[in-house]
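# Descriptive analysis of the structure
If you want the building blocks of each chain, they are given just below.
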2 protein chains.
Amino acid sequence: MITRAQAEALDLADPLKGKRQLFVLPENTIYLDGNSLGPLPRHVAERLAGAVAEEWGQSLIRGWNTHGWFDLPRVLGDRIGKLIGAKPGTVLAADSTSINLVKVLTAALGLRPGRRVILSDSGNFPSDLYVAQGVIKALGGGVELRIVAPEEVEAALGDDLAVLMLTEVDYRTGRRHDMKTLIAKAQAKGALAIWDLCHSAGAFPVDLSGANTDFAVGCGYKYLNGGPGAPAFVYVRPDLQDKIVPSLSGWMGHAAPFAFDLDYRPAQGIDRLRAGTPGVLSMIALDSALDVWDGVDLTLLRDKSVRLADLFISEVEGRCGAYGLRLASPRDAAQRGSQVSFHCDDGYAVMQALIAQGVIGDFRAPDIIRFGLTPLYIGFTDVWDAARILERVMAERLWDQPQFKKRAAVT
Amino acid sequence: MITRAQAEALDLADPLKGKRQLFVLPENTIYLDGNSLGPLPRHVAERLAGAVAEEWGQSLIRGWNTHGWFDLPRVLGDRIGKLIGAKPGTVLAADSTSINLVKVLTAALGLRPGRRVILSDSGNFPSDLYVAQGVIKALGGGVELRIVAPEEVEAALGDDLAVLMLTEVDYRTGRRHDMKTLIAKAQAKGALAIWDLCHSAGAFPVDLSGANTDFAVGCGYKYLNGGPGAPAFVYVRPDLQDKIVPSLSGWMGHAAPFAFDLDYRPAQGIDRLRAGTPGVLSMIALDSALDVWDGVDLTLLRDKSVRLADLFISEVEGRCGAYGLRLASPRDAAQRGSQVSFHCDDGYAVMQALIAQGVIGDFRAPDIIRFGLTPLYIGFTDVWDAARILERVMAERLWDQPQFKKRAAVT
């Protein structure tokens, strides 16, 4: 444990400290939920307002050409690609993570006919599992979703494996899979690997090319700060792109969308994963939000993330261990994403009470309180203060009030 | 043909004339392309800016509850439902039209196992046909897409029909199917009917309930003015909702999204057609845009639409018939949507020249020039002026210049 003055000194020495001013952070709030919804980058409001007034308002239909709306999915894809080690032309911004997962899962199964197993783990984000269940049902059977515990994934890679489908970082605990190793082992079995990077992109350096990743998806609204429900992204390894058969085959993924042929002919490359008309306003918000990454060294980002987490763990354990909080995240930083979670009885109420005190994290069933540590705008003093406020919530039992126990629609 | 003074008199007498001021319409422009992208309703800019600054910026993750983001798909669905004769709880705003079509097409096929035919027509928007082709491929065969000419649809309804899938209004010609009759005949064969309302919703009164429609989809960016790539919508007949098995089964369509169960359990009702996280900023723009419909009598809207089209046809035929323009739309208003199209040699260049003169329509291959007549913000004088400018483009061969013949990426 350290003093607040020591935390302040760490902030002063932080090479990323200049980035904080790029974000709107409400007064009297410590926002440790950027892993759920990133805050508003300050300049996005003006860019979006300009796009509405000038691009939509004045250019109208011509905006598709004159303002490059048509190319946004590729342009944004390449910008996101730089953050996840993907080459130009391999990433597309489009739709939602779930929809993109449908695209690559059906594509992957199409490339492995006769193989029966999609392997995932119980730490995967449930929507990914739901998507697989839906895809399997739509196929009319013949494929099985096998769900094992995270630590059993490697041993479960069998010769019947079609697709290994995992989220790199567990949304509850922050536990991080060894992506490169698991991809190599899955590929050695003849399978393809799909990675969900929702809690990876913008959280730490990702090297999709170096890991020889087959497919990946991820969202734009967490560490990429693109706004609520921002467009998601999808990655396909270059040599697979022209082999896959899109199942969500909309006109924007056609080789010649404006020829209006009656027969679908997929575009070359990543463009074939486009489906319907992209949400231009959301795309522009995300495009603008990505500006905050200009000049960011992801190695420094990761270094700060690890140090924030280590500090938060030691402060919370030191201050709140007596109240029954137990670390749910791996203690070893190498096995962790950019969040820290604790098991906590009455966790829902504790989190509501903490939010009422100005520290915003979130709760995940059954008993996890979760804190995102986002180095672009969170500092060491924030983390230190958050731990102290959490201590107060526990020590004074501030959570033990009826209004904190009533569940909201969205938790 | 009438005089300009007569057209002005018609505008003065127009009961909808007050609505025009709600829209941003660029100077020196006659915008006859609202059937491709609706213009910006003036108040949307402020609403969206407020949502960015206050809802996202200040409420952050709490916005899902405090600003009702989670409910937007249902709330917008019900608002759109009022324009298309759908009861509350039957329409959802979500994803793109193509993605929504995947949802209902797979759902419909699931309700008609053993039936082999999806029937559509060559006047359908190609993306709908591409979607069907993708769905069929993903199913691994067993179902066939049969495409006939629009006038042959009724005769092609056979006993093997699983799904009749049509767009009510042909995107090129504006020809309108008799939806109620075709639905009844398809249902008499034991089939289900899916209607694409992209060129219907907000264009004229639609009566989904009265026509006993099984499924419908449509977009938010044409007559609904929700902005480029605005969220689309999907309708499911009440008694079918709990019978369908979603194939795009994301977490937002789960019965308990925040329980984070590993197994998918569809929500009751229309909510099961939700998939991933909705694009909140785009939803808010569409929500705001729908305000322009407050107090609009759709019967008056249709009446004006018909009169605008009849005027435009007679003016263009009178002025431009000698230059080879031929009406591509039905002459009988009852068979028409809210657009008028003409066959025109060198149509692409003609449209580019016309746009350069301030009249914005669009071109659809092979030889269609297309004009959307949107009664909320287009008047009789606009239509009269547009015809006169088109006459000048033809008479002076203004289109016969190289810069008008070079195709843009998006036409």
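Residues numbered from 1 in each chain as written. Chains lettered and ligands numbered in written order. Predicted model: local features only at pLDDT ≥ 70, side-chain atom pairs only at ≥ 80, totals over all residues. Heavy atoms only, no water.

Under the annotation held in an unreviewed UniProt entry, chain A carries the name Kynureninase and is attributed to Taklimakanibacter albus.

## Quick word on the overall build of chain A
What chain A contains, in helices and strands, is 12 helices and 13 strands. Against the compact-globule benchmark of 22 Å for 411 residues, chain A has a radius of gyration of 22 Å, which places it among compact chains. Referenced to the eigenvectors of the C-alpha coordinate spread, the extents of chain A come out at roughly 70 × 55 × 40 Å. The buried share of chain A, taken over its 411 residues, is 65%. (Helix = DSSP H or I, 4+ residues; strand = E, 2+ residues; numbered from the N terminus. Rg over C-alpha atoms; globule rule 2.2 N^0.38 Å. Buried < 20%, exposed > 50% of the residue type's maximum accessible area, 1.4 Å probe, protein only.)

## Points about the interface of chain A and chain B
Each side of the interface is counted separately: chain A has 83 residues, and chain B has 83 residues. Regarding the contact of chain A and chain B, the summed buried area is about 7000 Å², with carbon and sulfur atoms giving 70% of it. Per-residue buried area on chain A facing chain B is highest for A:Trp56, A:Tyr130 and A:Phe260; these three make up 11% of the total on that side. The interface formed by chain A and chain B contains zero salt bridges. Taken together, the links from chain A to chain B amount to 27 residue pairs in polar contact (both at pLDDT 80 or more). Sorting the residues of the side of chain A that touches chain B by element identifies helix H2 (44-59), helix H3 (63-66), helix H5 (97-111), helix H6 (126-139) and helix H9 (280-289) of chain A as the ones contributing at least two each. (Contact = heavy atoms within 4.5 Å. Buried area = accessible area lost by both parts, 1.4 Å probe. Salt bridge = Lys/Arg side-chain N within 4 Å of Asp/Glu carboxyl O. Polar contact = N/O pair within 3.5 Å; in protein donor to acceptor, adjacent residues only side chain to side chain.)

## So, helix H10 (residues 298-320) of chain A
The end-to-end C-alpha separation of H10(A) is 32 Å, in line with the 33 Å expected for 23 residues at 1.5 Å each. Capping the start of H10(A), A:Asp297 holds a side-chain oxygen 2.7 Å from the backbone nitrogen of A:Thr299, two or three residues further along. (Expected span 1.5 Å × (residues − 1).)

## Brief notes about empty space enclosed by the protein
All chains considered together, the criterion is met by five cavities of 30 Å³ or more. Approximately 150 Å³ is the volume found for the largest cavity. Contributing to the lining of the largest cavity are 14 residues, with A:Thr106, A:Ala138, B:Thr106, B:Ala138 and B:Ser247 lying nearest its centre. Mapped by element, the contributors of at least two residues to the lining of the largest cavity are H5 and H6 of chain A together with helix H5 (97-111) and helix H6 (126-139) of chain B. Partitioned by chemical class, the residues of the lining of the largest cavity number 10 nonpolar, four polar and no charged. (1 Å grid on protein atoms, 1.4 Å probe; cavity = no way out; pocket = protein on both sides within 12 Å on 5 of 7 lines; lining within 4 Å. Points joined across faces, edges and corners; volume = space filled by probe spheres on them. Nonpolar A, V, L, I, M, F, W, Y, C, P; charged D, E, K, R; others polar.)

## Thoughts on the sheet that holds strand S12 (residues 362-364) of chain A
Residues and elements named next belong to chain A. Across the sheet, which stays open at both edges, the four strands sit in the order S9-S10-S13-S12 with antiparallel pairing between neighbours. A strand with exactly one partner marks an edge of an open sheet, and here the two such strands are strand S9 (326-327) and S12. Note that S12 and strand S13 (residues 368-372) share three bridges and pair antiparallel. Following the sheet pairing, Asp362 is matched in S13 by Arg370. (Pairing = 2+ DSSP bridges.)

## Things to note about the pattern of salt bridges
Across all of its chains, the model carries 64 salt bridges over all chains by this definition. Note that A:Glu317 and A:Arg331 form a salt bridge whose closest N and O atoms lie 2.7 Å from each other. In this pair, A:Glu317 is assigned in helix H10 and A:Arg331 in the loop between S9 and strand S10 (339-343), connecting sequence segments 14 residues apart. With relative accessibility at 29%, the residue A:Glu317 sits in the partly exposed group. Close ionic contact of B:Lys189 with B:Asp159 constitutes a salt bridge, the shortest N to O distance being 3.8 Å.

## A word on the relation of the copies chain A and chain B
Screw-axis analysis of chain A against chain B gives a translation of 0.0 Å along the axis, an RMSD of 0.0 Å, and a rotation angle of 180°. Look at the turn and shift together and you get a two-fold axis relating the two. No C-alpha of chain A lies nearer the rotation axis than that of A:Leu139, which sits 2.6 Å from it. The residues that chain A uses at the interface reappear at the interface of chain B in 100% of cases, marking a shared surface. (Least-squares fit on C-alpha atoms with pLDDT ≥ 70 in both.)

## Topic: unusual backbone geometry
A cis geometry characterises the amide bond from A:Ala365 onward to A:Pro366, with omega recorded as 5°. Within the secondary structure, A:Pro366 is located in the loop between S12 and S13. Even without a glycine there, the phi angle at B:Asn28 is positive, about 55°. Mapped onto the elements, B:Asn28 comes out in the loop between helix H1 (4-12) and strand S1 (30-31). For B:Asn225, which is not glycine, the phi torsion reads 60° and is therefore positive.

## So, the side chain of A:Ser341
Residues and elements named next belong to chain A. Assignment of secondary structure puts Ser341 in strand S10. Here the side chain of Ser341 touches Arg172 through a polar contact of 2.4 Å, landing on its backbone oxygen. A polar atom in the side chain of Ser341 sits 3.1 Å from the side chain of Gln339. If near-sequence neighbours (up to four positions away) are discounted, Ser341 is found in contact with Arg172, Thr173, Arg326, Leu327, Ala328, Ser329, Ile368, Ile369 and Arg370.

## Concerning the environment of B:Leu22
Residues and elements named next belong to chain B. Here Leu22 shows up in the loop between H1 and S1. Judged by its relative accessible area of 28%, Leu22 falls in the partly exposed class. In this structure the C-alpha to C-alpha distance between Leu22 and Arg237, which are 215 residues apart in sequence, comes to 33 Å. If sequence neighbours within four positions are ignored, Leu22 has contacts with Leu40, Pro41, Arg42 and Val292.

## Observations concerning the pairing of strand S5 (residues 161-167) of chain A
Residue and element names in this part refer to chain A. Across the seven residues that make up S5, a large majority, seven, are buried. Of the strand pairs in this sheet, strand S3 (residues 117-121) and S5 are connected by three bridges, and their pairing is parallel. Its bridge partner lying in S5, Ile118 is registered against Val163. Chirality of the crossover, the property in question, places the unit of S5, helix H7 (residues 179-188) and strand S6 (residues 192-196) among those that are right-handed. (Right-handed = clockwise from strand over helix to strand, strands pointing away.)

## Comments concerning the packing of H1(B) against helix H12 (residues 380-395) of chain B
All names here are of chain B. Remark: H1 packs on H12, axes separated minimally by 7 Å, with the N-to-C direction vectors making an angle of 150°. One way to sum up the angle between H1 and H12 is to call them roughly antiparallel. Packed against H1, whose contacting residues are Arg4, Ala7, Glu8, Leu10 and Asp11, the element H12 presents Phe380, Thr381, Trp384 and Asp385 at the interface. (Axes fitted to C-alpha atoms, helices over the stretch in contact; angles between N-to-C directions. Parallel < 35°, antiparallel > 145°, perpendicular 65-115°, else oblique.)

## Some details on H5(B)
Taking 1.5 Å of rise per residue, the 15 residues of H5(B) would be expected to cover 21 Å, and the 21 Å separating its terminal C-alpha atoms lies within 8% of that figure. Where burial is concerned, most of H5(B) is hidden: 14 out of the 15 residues are buried.

## Brief notes about the pairing of strand S13 (residues 368-372) of chain B
All names here are of chain B. With respect to burial, S13 is a largely interior element, five of its five residues being buried. Across the two faces of S13 the burial is the same, with Ile368, Arg370 and Gly372 and Ile369 and Phe371 all buried. Across five bridges, the pairing between strand S10 (residues 339-343) and S13 is antiparallel. Looking at S13, one finds that Val340 is bridged to Phe371. Hairpin remark: strand S12 (residues 362-364) followed by S13, antiparallel, with three residues in the connecting loop.

## Observations regarding the packing of aromatic side chains
Enumeration over the complete set of coordinates arrives at 30 aromatic pairs over all chains. With centroids separated by 5.3 Å and ring planes inclined at 45°, the aromatic side chains of A:Tyr171 and B:Phe260 adopt a geometry described as tilted. In this pair, A:Tyr171 is assigned in the loop between S5 and H7 and B:Phe260 in the loop between helix H8 (238-241) and helix H9 (280-289), connecting two distinct chains. Each member of the pair A:Tyr171 and B:Phe260 is classed as buried. (Phe/Tyr/Trp six-rings, centres within 6.5 Å; stacked < 30°, edge-to-face > 60°.)

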